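Here are the chains, one letter per residue:
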Amino acid sequence: MPNLSTLFHFPALAGRHQIVIALMLVLLVIVTRGHHFSSLHNLPGASWAVFFLAGVYLRAVWPLVGFLALSWWLDFAAYTWGGASGFCLTPAYIFLLPAYASLWLAGRWYAGQYQFTWRTLMPLSLSIMAGLILCELFSSGGFYFFSGRFTDTTWVEFAGRLLNYFPMYVESFLFYTGMAMVLHVALVLVGQQHNLGSTTTG
């Protein structure tokens, strides 16, 4: 029986647990980013949260590349075969690479700071804020200034667009990361109770 109290201590995650988490994140991207599924179930996009959580839970670097490729393929498929608008498919699309990588790196940094105490909320909050701000600046800033969709771009107008759209992305991000945090805490507490019971009976 695995020691559940260390199951979600990030450096200790075994290979099989890494695979399970990776598959869950892949499914989350497909369901919420795939235009047919998201419109059907009215689910907010989970891509931002997925890249952050991948940085937190998955040790290898290849999931970052894999999630980038998956996101691009879903967007391309939706535009090519799904009838989705190609408004966002511009040369500025490349700015999603540093945008998503910022979230992944923020999660990666937090994984090194993690401890199962209230003190973990400080580095968690810092990593979330840094990742979200950098991601928004790269994605929205890149699209606004380099997509060719806007004429006479100004920093004032860009700031207005940030105030208009950024809160929606933050809300979606916190929705999914909040669920992940609740699940994480629940599993750790169950593991601690299991190990306490095993020690008592032993």
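See the structure above.
Residues numbered from 1 in each chain as written. Predicted model: local features only at pLDDT ≥ 70, side-chain atom pairs only at ≥ 80, totals over all residues. Heavy atoms only, no water.

Enquirer: Give me the overall build of the protein chain: which residues, what numbers.
Expert: Each helix and strand counted, the protein chain has 8 helices and 0 strands in total. In the protein chain, the succession of α and β elements from N to C terminus is α-α-α-α-α-α-α-α. Counting all 202 residues of the protein chain, 40% fall into the buried class. Counting only carbon and sulfur atoms, one obtains 72% of the accessible surface of the protein chain, whose full area is about 11,700 Å². (Helix = DSSP H or I, 4+ residues; strand = E, 2+ residues; numbered from the N terminus. Buried < 20%, exposed > 50% of the residue type's maximum accessible area, 1.4 Å probe, protein only. Areas by Shrake-Rupley, 256 points an atom, 1.4 Å probe, with all protein chains shown as cover.)

Enquirer: Got a sec to walk through the side chain of Gln-18? Specific residues and values, please.
Expert: If you trace the backbone, Gln-18 turns up in helix H2 (residues 15-33). A polar atom in the side chain of Gln-18 sits 2.9 Å from the backbone nitrogen of Arg-59. (Polar contact = N/O pair within 3.5 Å; in protein donor to acceptor, adjacent residues only side chain to side chain.)

Enquirer: Tell me about helix H4 (residues 47-57), and please be specific about residues and values.
Expert: Burial analysis of H4 places 11 of its 11 residues in the buried class, which makes it a mostly covered element. Among the residues of H4, those classed as buried are Ser-47, Trp-48, Ala-49, Val-50, Phe-51, Phe-52, Leu-53, Ala-54, Gly-55, Val-56 and Tyr-57.

Enquirer: How would you summarise the packing of H4 against helix H6 (residues 96-113) if you had to cite specific residues and measurements?
Expert: The contact between H4 and H6 brings their axes to 6 Å, and the two run at 35°. The two elements H4 and H6 meet at a crossing, and its hand is right-handed. Contacts from Ser-47, Trp-48, Phe-51, Phe-52, Ala-54, Gly-55 and Val-56 in H4 reach Tyr-100, Leu-103, Trp-104, Ala-106, Gly-107, Arg-108, Tyr-110 and Ala-111 in H6. Of the residues contributing to the contact of H4 with H6, the split by class is 11 nonpolar, 3 polar and 1 charged. (Axes fitted to C-alpha atoms, helices over the stretch in contact; angles between N-to-C directions. Left-handed = near helix turned anticlockwise from the far one by under 90°. Contact = heavy atoms within 4.5 Å. Nonpolar A, V, L, I, M, F, W, Y, C, P; charged D, E, K, R; others polar.)

Enquirer: An account of the packing of H4 against helix H5 (residues 62-80) is requested, with residue identities and associated values reported.
Expert: At a minimum axis distance of 10 Å, the contact between H4 and H5 shows a crossing angle of 165°. The angle between H4 and H5 places the two elements in the roughly antiparallel class. Viewed along their axes, H4 and H5 form a crossing whose handedness is right-handed. Only Leu-64, Phe-67, Leu-68 and Ser-71 of H5 make contact with H4, whose side of the interface consists of Val-50, Phe-51 and Ala-54. The residue inventory of the contact of H4 with H5, partitioned by class, reads 6 nonpolar, 1 polar and no charged. (Parallel < 35°, antiparallel > 145°, perpendicular 65-115°, else oblique.)

Enquirer: Would you mind going over the packing of aromatic side chains in detail, with residue names and values included?
Expert: Taken as a whole and judged by the stated rule, the model has 16 aromatic pairs. On the basis of an interplanar angle of 85° and a centroid distance of 5.7 Å, the ring pair of Phe-143 and Phe-150 is categorised as edge-to-face. Summarising the aromatic geometry, the rings of Trp-155 and Phe-158 are spaced 6.0 Å apart at their centres and angled 75° between planes, so their arrangement reads as edge-to-face. Here the residue Trp-155 and the residue Phe-158 both occupy positions in helix H8 (residues 155-201), the gap between them amounting to 3 residues, near one helical turn. Taking relative accessible area as the criterion, Phe-158 reaches 6% and is therefore assigned buried. (Phe/Tyr/Trp six-rings, centres within 6.5 Å; stacked < 30°, edge-to-face > 60°.)

Enquirer: Run through unusual backbone geometry, naming residues and quoting values.
Expert: A positive phi angle, close to 55°, is found at Asp-152, a residue other than glycine. Residue position: Asp-152 is located in the loop between helix H7 (121-146) and H8. Assessed through its relative accessible area of 69%, Asp-152 is described here as exposed.

Enquirer: Just give me the short version of the pattern of salt bridges, but keep the residues and values in it.
Expert: By the definition in use, this model includes 1 salt bridge. The residue Asp-75 makes a salt bridge to Arg-33 at a minimum N-O spacing of 2.6 Å. A residue pair is termed long-range when its members are at least 10 positions apart, and Asp-75 in helix H5 and Arg-33 in helix H2 qualify at 42 residues. (Salt bridge = Lys/Arg side-chain N within 4 Å of Asp/Glu carboxyl O.)

Any functional reading would require information that these geometric values do not contain.
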